[in-house]
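A closer look at the structure
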2 protein chains.
Amino acid sequence: MSEKAKKLSTEPYKGVRDFFPEDMAVQNYIFGVWRKTAESFGYEEYGASVLEPAELYRAKSGEEIVNEQTYTFTDRGDREVTLRPEMTPTVARMVSAKRRELGLPLRWYSIPNLFRYEQPQRGRVREHWQLNVDLFGADSPEADAEIVILASRIMETFGAKDSDFTIKISSRAWLDKLFDDISADLEGFDATFDNKNALLKLLDVKAKDPDRFDREIVKLHPKLSGDFIARKSKALQTSEEKSYADLEKLVATLGNMGIKNVELALTEIVRGFDYYTGMIFEIFDTDPSNRRSLFGGGRYDDLTSLFGGERIPAVGFGMGDLPVKNFLETHGLLPAPKSRTDIHVCTTSSELVAKAEELATKLRAKGMNVSVNLTSKKIGDQIAWADKRGIPKVVVVGEEEAKTGKYKAKELATGAEAPL
Amino acid sequence: MSEKAKKLSTEPYKGVRDFFPEDMAVQNYIFGVWRKTAESFGYEEYGASVLEPAELYRAKSGEEIVNEQTYTFTDRGDREVTLRPEMTPTVARMVSAKRRELGLPLRWYSIPNLFRYEQPQRGRVREHWQLNVDLFGADSPEADAEIVILASRIMETFGAKDSDFTIKISSRAWLDKLFDDISADLEGFDATFDNKNALLKLLDVKAKDPDRFDREIVKLHPKLSGDFIARKSKALQTSEEKSYADLEKLVATLGNMGIKNVELALTEIVRGFDYYTGMIFEIFDTDPSNRRSLFGGGRYDDLTSLFGGERIPAVGFGMGDLPVKNFLETHGLLPAPKSRTDIHVCTTSSELVAKAEELATKLRAKGMNVSVNLTSKKIGDQIAWADKRGIPKVVVVGEEEAKTGKYKAKELATGAEAPL
């Protein structure tokens, strides 16, 4: 009883995940597609510690978010430390630190783990991994296009068809202009940061919860309504407005590259972070049972100025492991698990382990991944062990094989044997 | 002035590292050799969060180490959380959680980041990465041998020659026996945990600081000395003592596998953690200017019993990124930096970016990594940008090339041109 009480729990910390080899294989598959596709566009990998000075997040996210939604603690040197909740401040910090040596433009990617302090629920854990892709030092619609194309290519590389996802595009610059127009028209609805944020937040919930939108929009101003915004929006969709002309050019460029599942969703997507300054986009699952936003990004041209020195234009996106995994499962796109071990060497007695190791060494020199039996299990159980792990082939080292030096590999799926 | 005061620092948190692409390439090279070699022996990758319940470390490391040498904080749910300082408790936890489903033996590896709260100094940072390799469910000298062979193969895969490193081997079981023999002979030097630990700690410093050893050993007991221990050690090197016979068998097995740079260093290496129960080993750099311990490991058969249920034999090692990087630099083994981008597409005007993207898409479809110029830089500067990054080839998309559809790739190192 007292011994039982002292037993340590085998549970991980609340809200984080253990990755057993079969889970890790899925993570590595996702990370592999991310890396391969980002590198095919010339993006270079960077990295940083999960620990960052807390002040890095205070500047743009505000005191409240840092204190309530992040893991922030004080170290024994009295420094306030945060487990990074997102990667963009880190990459802006790093680019600012070496802007001169690095030589713009920069194409950078990373796959950091990120922490959020929140109640764990389906798809909302406290730690997740995220592909971060950023292009620094280029501010043309072509640069915006490259980022959206790369996001789309990642979906394709995962095996998604055009009909499986939609790319919705808007512009923070255009939304800012829309807000100015609205505010100019409504007495008492001034062009303040708070009013703008409140309006953007409501636009963000409109598609998900139209009732809430209708209920709350009039609280911002009695004359405000969906119709009112739609009229203002319509008037601002003109090529004289540069932010709109840029979006039209972007959509045309994407079309020329064969990317047709794009839609302008001007007042529909706003993105959460207030550091966006230009094009914003979000990719949605089109599965009727689950029309979720999968991931998104946009242009943020001012973030590096927080660190002093000149402003560096930047555009990028972040793509979380959990929405991707969910998407791949929903659409049946996760590849079947496959062992990375090519062959398991079975032994009929412990005296033959040395011979088995010798054979394994030869096979490894040929580039094969080889495990060797170290147990006293029966041959049948050794084979069952390999089969359970998905190891495709076995070879048995018995007295006879050891004597003649002739070994046969057996394919477990078919039973076919071939000399090794 | 007031603006300057508000500027954020571009420095990372104290004692952790930023990985700019050139640094990340080195990390990825090291991680790549680790993965490839571990997988060639049939090891499967697992992972876990850097956050663990603090109690996981209290059981074996003790309150003092957890409080003073780890990052431990209390979350808002009043849970004590630690940033993992080592991976072995985590892997023992995970294996214990699913011992039934997993099916022993298990060959597992991981490359976690680990945190220690200490003053940063050369080679001793607050965050480092470590390859962790463990074999669960096999307790023969052959299993010990597999782990040492794998450690040695990793060194070889890094390009190290036999003469570049030595593998020193001992046994915690044998050292325990030695301690019992010593204690039985010395009145007042009882076989307590504290006395044993004190003696092991002194043996650990003997080679590095013989004066300190001589000064402090007599404080444990007036009759204790290097000579006294040597006599007792000699007497215990007999095949009747199983822990010694096992070591002899291990060294013979390693010799048969062609691993000759092994030495029995019975009273010389003890390993820091108190969870070892059998064979222990440590690999040393033989560079005369720097005879450091690079990494090590050993057998720990009792750790899973902390979680209840039956004991699972285990043997493994941990190999840090910094000692490896240092070793590779010292011995000139770090490969020359190489871009992962194969070709940069230059453009003579922004109107040609669409053509350049078209060409890039074709080349990517052939498996090449391709970046496209998005700047208005002159061709010479575009090429210089590619060269600075080590991108080996460029192709220029000009009016003429766009019209004819004929492109030439230029190798920057030689100036040689070839049709693409």
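About the cut-offs
Residues numbered from 1 in each chain as written. Chains lettered and ligands numbered in written order. Predicted model: local features only at pLDDT ≥ 70, side-chain atom pairs only at ≥ 80, totals over all residues. Helix = DSSP H or I, 4+ residues; strand = E, 2+ residues; numbered from the N terminus. Rg over C-alpha atoms; globule rule 2.2 N^0.38 Å. Buried ≥ 20, exposed ≤ 12 C-beta atoms within 10 Å, placed from the backbone. pLDDT = per-residue confidence, 0-100. Contact = placed C-beta atoms within 7 Å. Least-squares fit on C-alpha atoms with pLDDT ≥ 70 in both. Nonpolar A, V, L, I, M, F, W, Y, C, P; charged D, E, K, R; others polar. Pairing = 2+ DSSP bridges. Axes fitted to C-alpha atoms, helices over the stretch in contact; angles between N-to-C directions.

With that settled, the discussion passes to the overall build of chain A. Within chain A one finds 16 helices and 17 strands. Taking 420 residues into account, the globule formula puts the C-alpha radius of gyration at 22 Å, and chain A, at 27 Å, lies well above it. Viewed in the frame of its principal axes, chain A has a C-alpha envelope of about 95 × 60 × 50 Å. Here chain A, with 420 residues, has 42% of them falling under the buried criterion.

Residues and elements named next belong to chain A. Averaged over chain A, the pLDDT score is 93; the fraction of residues at 70 or greater is 96%. The model gives residues 1–5 a pLDDT under 50, and that stretch makes zero contacts with residues more than four places away or in other chains. Scored as a complex, the prediction yields pTM 0.95 and ipTM 0.94.

Take chain A, turn it by 180°, move it 0.0 Å along the axis, and it overlays chain B with an RMSD of 0.0 Å. In short, the pair behaves as if placed about a two-fold rotation axis. For chain A, the minimum C-alpha distance to the rotation axis belongs to Phe73 of chain A and amounts to 3.5 Å. A shared binding surface is used by both copies, with 100% of the interface residues of chain A retained as interface residues in chain B.

Take the interface of chain A and chain B next. When the parts of a complex come together, some accessible area is lost, and that lost area is often used as the size of the interface. Counting from both sides, the interface comprises 73 residues of chain A and, opposite them, 73 residues of chain B. Among the elements that take part in the side of chain A that touches chain B, helix α2 (residues 21–40) of chain A stands out by supplying six residues, more than any other. In the side of chain A that touches chain B, the residues fall into 33 nonpolar, 19 polar and 21 charged.

Further remarks concern the sheet that holds strand β2 (residues 51–53) of chain A. Residue and element names in this part refer to chain A. Pairing in this open sheet of three strands is antiparallel, and the strands run β2-β4-β3 from one edge to the other. In this open sheet, the two strands that pair with only one neighbour each are β2 and β3 (71–74). The sheet shows a mean angle of 35° between the axes of neighbouring strands, direction not considered. Inspection of the sheet shows β2 paired to strand β4 (residues 80–83) by three bridges, in the antiparallel sense. Looking across to β4, one finds that Pro53 is bridged to Val81.

Okay, the pairing of strand β13 (residues 343–347) of chain B next. Residue and element names in this part refer to chain B. In terms of burial, β13 is a largely internal element, five of the five residues being buried. Burial of the side chains of β13 extends over both faces: Ile343, Val345 and Thr347 are buried on one face and His344 and Cys346 on the other. Of the strand pairs in this sheet, β13 and strand β14 (residues 370–372) are connected by three bridges, and their pairing is parallel. Bridge pairing in β14 places Ile343 opposite Val370. Examined bridge by bridge, β13 and strand β15 (residues 393–397) share five bridges and lie parallel to one another. Each residue of the ladder has a partner; that of Thr347, found in β15, is Val397.

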